[in-house]
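Residue-level structural notes
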Amino acid sequence: MLTHYRRAFEQCQPYVLTTQQVAPLLEWEPLGIDIRGQGFVLDPQARSNEKFVRLLRNLDQMSFGTLGMAMPQWVFYDCGVMPSAIFGFAGPAGSLEPWVRRALQVDDDEDQPVPLSSFIAIPMPEKGAWFTHTLCSLTQVCAGAAPEGLASLSLALGLRMLKVETLYGTIQWRSDRMSRFTSLGPLEVITAYTPAHSMKRTLTWRLPIRRNQVEAALSNPGVSPAAPPATHMLDVDDVDALLAMQEELEAGIRYSIVGPPVRRGSIVQIPLCRQVNP
Amino acid sequence: MSAFIQQHSAIQRLEPFLIAIPQNRWNLDLEPFGLSIPASNIIDPTRLSSEPFLSLLQTLDARTFGPEGMPMDRWVFYDCCYMPGAIFGFGLRACDLSEDARQLFGVSTDYEGLVPYAMYIAIPMVPEGAWMGHNLASIGPMLPEEGFNGLGSVTKAIALRCFQAERFYGATQWSSKALYVHIKFGPLDLLTAYTPAHSTPETLTYAFEASERSLLSAAGDPTAHFDRPEPEQWVEASDVETMIKLQDRIEAGEQFMIPTRPRRDETGVWVPVCKKPS
């Protein structure tokens, strides 16, 4: 299953940023990977790790700053560091191309580990449920800067480390990151149009996590074998359709996203399964 | 014990409210201290009809935290509060607002719903029963003539009961007036004294057991009090060097507390610190 990711493990190491309160409650050998042995563990509250935390902030800025949704540092602390743990992959500064180091504002320390991906989820009151706070990798903004597949790998291992049973998240309908999650199974749509979010054309989704589906997505990303057939395609730029769908959701009709977006020219469509409860 | 809370002067004119998605409500106490939250005031943030009230919450936050530069964007409210956590608070019907309050919130004349006067936001942490405090906002200090003294403290106390928090964590600046509220819950364990992972490194991280006595003490119940250790040193809120020395001692394994409230004088804000009794 992880054979395809050999290059990632050759060039990078997994890291976990976790406080002393949270560390004993994590799964330390997710999918057979010994995180303590093969990677490194950092305490985000220790002053000695300030540089790594700053680089993580730079990665987040590069990934989400253009959307106007870069994470304020206090949100990183209050919603990531304290309640949960941050998981991802890092490589030594010396292994990065000069332009990547400039982009991430890495200094001259060749041995400094540089975070290249990160996954943060926040626990919810619902037992076993987590909310996806961040999933990003350097390759999504700097193609070729890090091995391919780091985001998917960070997500798969992070889900196991945190013992996630149900995953929630938000994503913009037009996002090209949608397929990372549709690979894991059909996404139950909670909201289709979300005025309470900065971007109204955001959807909220829910996904029961099955270990076999996570492993299948790692070796064969795309359409999850667990997804039912689509009943129709949604044009994600049709705001009236999103509003109508939101009203149906509030009336009890269920929708699932059953595959990755299909892009043709300026049209983006998403396969949906509509279910009317008996 | 509940009678003291129910008869608290700050909440007599106000209605309690709760914002939580339906999946999160099962693990919350919907009658904290015997206070019944009207069904119409239990708000689902994923519904279109909730938007006007959620916008007013954002206004309350901006009025409270705008001057400190830490107001929350809508996506932070959605991704870091509504979905993974819960918000408990108190509000007043629009028709009962004073002209000052109406102007403060910018409430339109055709709005007839609830207007939030105080709110407390927290999210669960990985350790069971642990919650991380996120945001305390109250209109009390902005409308001193309206008699809402102590509204912030009593709101936080009832919120922690509503969330069924057993151990509570928070982060605040050494100079923040919020410390006067937090210390009402009893002596605070000091977990970090200098916090570069936060937007403001001069932030401290604290924790306390959210016991019945702690919550009632914060609400002002004279029968609930603590034996507070004597301060051994006073940290001035802008003295970074002392904070770093304290942080180094914490990282070396020493345990400290903030036993009592800060004091302010012409030389600055002074926060008491002592070693944690064994």
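Note that the structure is a prediction, hence the values are computed from the model and not measured.

Regarding the overall build of chain B
- Counting its regular elements, chain B contains nine helices and twelve strands.
- A globule of 278 residues ought to have a C-alpha radius of gyration of about 19 Å, and chain B, at 19 Å, matches this closely.
- With the C-alpha coordinates of chain B rotated into their principal frame, the extents come out at 55 × 35 × 35 Å.
- Buried positions account for 48% of the 278 residues belonging to chain B.
- Sequence-distant contacts, at least 24 apart, represent 69% of the contacts inside chain B between residues at least 6 apart.

Section: the overall build of chain A
- Check the secondary structure of chain A and you find nine helices and 13 strands.
- Its C-alpha atoms give chain A a radius of gyration of 19 Å, near enough to 19 Å, the size a compact globule of 278 residues would have.
- For chain A, the C-alpha atoms occupy an extent of roughly 60 × 35 × 35 Å along the three principal directions.
- Counting all 278 residues of chain A, 47% fall into the buried class.

A look at the environment of A:Val53
- Checked against the element boundaries, A:Val53 lands in helix α3 (residues 50–64).
- Taking the C-alpha atoms as reference, A:Val53 lies 8.9 Å from A:Leu17; in sequence the two are 36 residues apart.
- Beyond its immediate stretch of four places on either side in the chain, A:Val53 contacts A:Pro44, B:Pro196 and B:Ala197.

A look at the pairing of strand β5 (residues 117–123) of chain A
All names here are of chain A.
- With seven of seven residues buried, β5 is to be regarded as a mostly interior element.
- Judged by which residues are buried, β5 turns out to be covered on both faces: Ser117, Phe119, Ala121 and Pro123 on one side and Ser118, Ile120 and Ile122 on the other are all buried.
- As paired elements, strand β3 (residues 85–92) and β5 share two bridges and run antiparallel to each other. Of the residues in β5, the one forming a bridge with Phe87 is Phe119.
- For β5 and strand β6 (residues 129–137), the ladder comprises seven bridges, and the chain directions are antiparallel. Residue pairing in the sheet places Ile120 in a bridge with Thr134 of β6.

A look at the interface of chain A and chain B
- Facing the 42 residues of chain A at the interface are 42 residues of chain B.
- Elements that contribute at least two residues to the side of chain A that touches chain B include exactly α3, α4 (73–81), β5, β6, β7 (166–172), β8 (187–191) and α9 (239–250) of chain A.
- Top element by residues in the side of chain A that touches chain B is α4(A). It accounts for eight residues.
- Partitioned by chemical class, the residues of the side of chain A that touches chain B number 25 nonpolar, twelve polar and five charged.

Some thoughts on the domain arrangement of chain A
All names here are of chain A.
- By domain assignment, chain A separates into domain 1 (1–164) and domain 2 (166–278).
- A C-alpha centroid distance of 25 Å is found between domain 1 and domain 2.
- Across the contact, 18 residues belong to domain 1 and twelve residues belong to domain 2.
- Partitioned by chemical class, the residues of the side of domain 1 that touches domain 2 number 13 nonpolar, four polar and one charged.

What to know about helix α8 (residues 212–219) of chain B
All names here are of chain B.
- Turning to α8, its buried residues are Leu215, Leu216, Ser217, Ala218 and Ala219.
- Contact partners of the buried residues in α8: α1 (2–6) and α6 (151–162).
- Positive phi appears at Gly220, one or two residues downstream of α8, with a value of about 100 degrees.

So, how was this worked out
Residues numbered from 1 in each chain as written. Chains lettered and ligands numbered in written order. Predicted model: local features only at pLDDT ≥ 70, side-chain atom pairs only at ≥ 80, totals over all residues. Helix = DSSP H or I, 4+ residues; strand = E, 2+ residues; numbered from the N terminus. Rg over C-alpha atoms; globule rule 2.2 N^0.38 Å. Buried ≥ 20, exposed ≤ 12 C-beta atoms within 10 Å, placed from the backbone. Contact = placed C-beta atoms within 7 Å. Pairing = 2+ DSSP bridges. Nonpolar A, V, L, I, M, F, W, Y, C, P; charged D, E, K, R; others polar. Domains from an automatic or database assignment.

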